[in-house]
Amino acid sequence: MALQLRPNCEYCDRDLPPESTEARICSYECTFCADCVETKLHNVCPNCGGGFVPRPIRPMKEWRPGLSVAKRPASTKRVHLSYPVEEIAQHSARLKDIPPEKR
Ligand SMILES: [Zn+2]
Ligand SMILES: [Zn+2]
């Protein structure tokens, strides 16, 4: 099972192509842009409450057989927020001061 490379920020809907250095993911692959993680979410995933890390970039070139973004393409299914933004703000405020390893 390869990491699911989702095409957009769930919060602001900006495009996050596989080569983007702005993509951030939680352990469940919930995907947001760096800007939203910092300024809107305060490193709290609105879906699971976990923290974020930079999404690894899948190589464009097939350095090893079958492994490249062409052979294992990114998802095209755009994902949108499951909660209202006001509720997400409360959720972030509740959890942001607890470090991810203690949540
Ligand atoms: Zn965003
Ligand atoms: Zn999550």
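Notes on the structure in this doc start here. (Residues numbered from 1 in each chain as written. Chains lettered and ligands numbered in written order. Predicted model: local features only at pLDDT ≥ 70, side-chain atom pairs only at ≥ 80, totals over all residues. Heavy atoms only, no water.)

## A closer look at the coordination of the zinc ion (ligand 1)
No. 1: Within the protein, the zinc ion (ligand 1) binds to Cys9 (SG), Cys12 (SG), Cys33 (SG) and Cys36 (SG); these donor distances fall in the range 2.3 to 2.4 Å.
No. 2: Around the zinc ion (ligand 1), the 4 donor atoms are arranged such that angles at the metal cover 100 to 118°; this shape is classified as tetrahedral.
No. 3: On the primary sequence, the residues serving as donors to the zinc ion (ligand 1) are separated as C-x2-C-x20-C-x2-C. Of the two residues, Cys12 is situated in the segment before β1 (23-25) and Cys33 in strand β2 (residues 31-33); the sequence distance between them amounts to 21 residues.
No. 4: Look at Cys12 and you get partly exposed, because its relative accessible area is 36%.
No. 5: Accessibility expressed as a relative area gives 0% for Cys33, which makes it buried. (Donors = N, O, S within 2.8 Å, 3.2 Å for Na, K, Ca; no water. Tetrahedral: all angles 85-135°; square planar, octahedral: opposite > 155°, others 65-115°. Helix = DSSP H or I, 4+ residues; strand = E, 2+ residues; numbered from the N terminus. Buried < 20%, exposed > 50% of the residue type's maximum accessible area, 1.4 Å probe, protein only.)

## Brief notes about the packing of aromatic side chains
No. 1: Per the counting criterion, the structure on display carries 1 aromatic pair.
No. 2: A ring pair is formed by Phe32 and Phe52, whose centres lie 5.5 Å apart and whose planes are at 75°; its orientation type is edge-to-face. Within this pair, whereas Phe32 is found in strand β2, its partner Phe52 is found in the loop between α1 (34-41) and β3 (53-54), the two being separated by 20 residues in sequence.
No. 3: Directly above the aromatic system of Trp63 lies the positively charged group of Lys61, at a separation of 4.9 Å from the ring centroid. (Phe/Tyr/Trp six-rings, centres within 6.5 Å; stacked < 30°, edge-to-face > 60°. Lys NZ or Arg CZ within 6 Å of the ring centre and 35° of its normal.)

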